Amino acid sequence: MSTAEDLSRKDFLDRPALAALQLQRLQAIVAPAYANSPSYKRAFDAAGVKPSDLKSLADLSKFPFTAKTDLRDNYPFGLNAVPNSEIRRVHASSGTTGKPIVVTYTQGDLETWAETAARVFQMGGITSNDIALISYGYSLFTGGMGAHSGMERAGATVIPMGGGNTEKQLMLIKDLGVTAICCTPSFFIHLMEVAAEKGFDFRKSTLRHGFFGAEPWSEEMRQRIEAESGVKAHDIFGLSEIMGPGVAGDCECRNGLHIFEDHYYPEIVDPATGEVLPPGTEGELVLTTMDKMGMPLLRYRTHDLTTLHYEPCPCGRTLVRMDRIRRRSDDMLIIRGVNLFPSQVESLLLEFEGIEPHYLLVVTREQSMDALEIQVEVTPQVFSDEVKVLETLRNRIRERMKAMIGINAKITLVEPGSIARSAGKTKHVLDMRKA
Ligand code: ADP
Ligand code: ZN
């Protein structure tokens, strides 16, 4: 019988050895990024730096940032640092407008990804005796495939379920003796509610672990999940640009998420000035992939706000901890795990005739599931049209939203002038969810 490799020794390197490894890996990534990606070359040249200027970890702050717009501008493969023949996989995530952003992986990158996701699962107690239900979406989105490969690497038996189909999820948990589930925290709460309606008691089931991420959630939500289901709720963090799920995860001490600093180098910067802030200060998380060869991301501005803690963790892991992510410094919304920028909705709405550029996105949580309503003004002519005309327009907008962004939204067409105008920055979002 074969058991999975215990990857946790990598979480316990002493800090000087880790720092030496980081410097060596950073030096080895800036060189091919500069040599092979015209975009990085331009950015380095504009900042007046060369790969050889990286002589210490502190030197990294001299290098330029990478932003989501760089991924969009280089769509699809402009940031690749290897020939296309070495790319094994492509995923995509929402861009700010129109086209998605595309991320690419070499065989080695896929292995690193599986390894770091597996380290989150092993940190949570997963072994080859576990049976894992992967209920993140299997699609361009990194959630499904990322959790899948990580669970395989951790040695678990993997069930590639995907999202949706609540009753089937419950059936599989029961019939297959599932011990761990990977999904968004809000989907799990939905599962708990459906289970309660069906008289299915999670406490009497085999389910022991939940790895929840892809959207912000709170300590209160964790307590509710654990109290009502008896499942240990672990936090898993990641983003497609850097890799996917498994950039960081929490340990049993629950005092932040350990970042896999041997692959992903974290910094905290002032979101307004970009200045690097000292440990213990809240700011924007900036991540550098130290050994992702397909599409290296150097000093990537995540827009996630958090604080880094370098004090030793009682669990003994030497990896830095970040506070759980609750807020972002941009206007990106996460609705049922799907990223959404108001600007995407705006450009989509403006494709339709009879629509005014005044809209409001109202986000609520109904029965633990996020719901999105788009209120949009129509022209006076359209507004005075027959009900049937309005109904058709509403349906067309809804279908286009579903097709382009993947979110089922309620569309409300309102009278011209009814959405509040503001003298300053227009408010396009009313988020009524409690984190
Ligand atoms: P993923 O496929 O991991 O969801 P995306 O690129 O679609 O990656 O979205 C990444 C964003 O989702 C992060 O920048 C962060 O804002 C949010 N996110 C992911 N995991 C968590 C988590 N555990 N807690 C809070 N926010 C999270
Ligand atoms: Zn710890």
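As a reminder, the structure under discussion sits directly above these lines.
So, here is what we can say about the structure in this document. The shown structure was predicted, so the numbers you read here are calculated from the model rather than taken from an experiment.

By nearness alone, 19 residues border ligand 1, and Thr-142, Asp-235, Ile-236, Ser-240 and Asp-304 come closest of all. The contact in question runs from a nitrogen atom of ligand 1 to an N or O atom on the backbone of Glu-215, over 3.3 Å. Here an oxygen atom of ligand 1 sits 3.0 Å away from a polar atom, N or O, in the side chain of Ser-240. Among the elements that make up the shell around ligand 1, the one with the highest residue count is strand β7 (residues 232–239) (five residues). Across the shell around ligand 1, the residue classes tally to eight nonpolar, six polar and five charged.

Moving on to the coordination of the zinc ion (ligand 2). Note on the zinc ion (ligand 2): its protein donors are Cys-251 (SG), His-258 (NE2), Cys-313 (SG) and Cys-315 (SG). The metal-donor distances range over 2.1 to 2.3 Å. For the zinc ion (ligand 2), the single-chain donor residues occur in sequence as C-x6-H-x54-C-x1-C. Taken as a pair, His-258 in strand β9 (residues 257–259) and Cys-315 in the loop between β13 (308–309) and β14 (321–322) lie far apart in primary sequence, 57 residues in all. The same class applies to His-258 and to Cys-315, which are both buried.

Per the stated rule, a full pass over the model turns up zero disulfides. You can see Cys-253 has no disulfide; the closest cysteine sulfur is in Cys-251, sitting 4.0 Å from it. By relative accessible area, which is 27% here, Cys-253 ends up partly exposed.

Further remarks concern the pattern of salt bridges. Applying the stated criterion to the full structure yields 35 salt bridges. Its salt-bridge partner being Arg-153, residue Glu-5 comes within 3.3 Å of it at the nearest N-O pair. On the criterion of sequence distance, the pair formed by Glu-5 in the segment before α1 (15–36) and Arg-153 in helix α5 (residues 142–153) is long-range, its members being 148 residues apart. Here the residues in one salt-bridge network are Lys-10, Asp-11, Glu-115, Arg-119, Glu-252, Asp-262 and Arg-317, joined through shared partners.

How each quantity is defined
- Residues numbered from 1 in each chain as written.
- Chains lettered and ligands numbered in written order.
- Predicted model: local features only at pLDDT ≥ 70, side-chain atom pairs only at ≥ 80, totals over all residues.
- Heavy atoms only, no water.
- Near = heavy atom within 4 Å.
- Polar contact = N/O pair within 3.5 Å; in protein donor to acceptor, adjacent residues only side chain to side chain.
- Helix = DSSP H or I, 4+ residues; strand = E, 2+ residues; numbered from the N terminus.
- Nonpolar A, V, L, I, M, F, W, Y, C, P; charged D, E, K, R; others polar.
- Donors = N, O, S within 2.8 Å, 3.2 Å for Na, K, Ca; no water.
- Buried < 20%, exposed > 50% of the residue type's maximum accessible area, 1.4 Å probe, protein only.
- Disulfide = S-S within 2.5 Å.
- Salt bridge = Lys/Arg side-chain N within 4 Å of Asp/Glu carboxyl O.

Read these as geometric descriptors, not functional statements.
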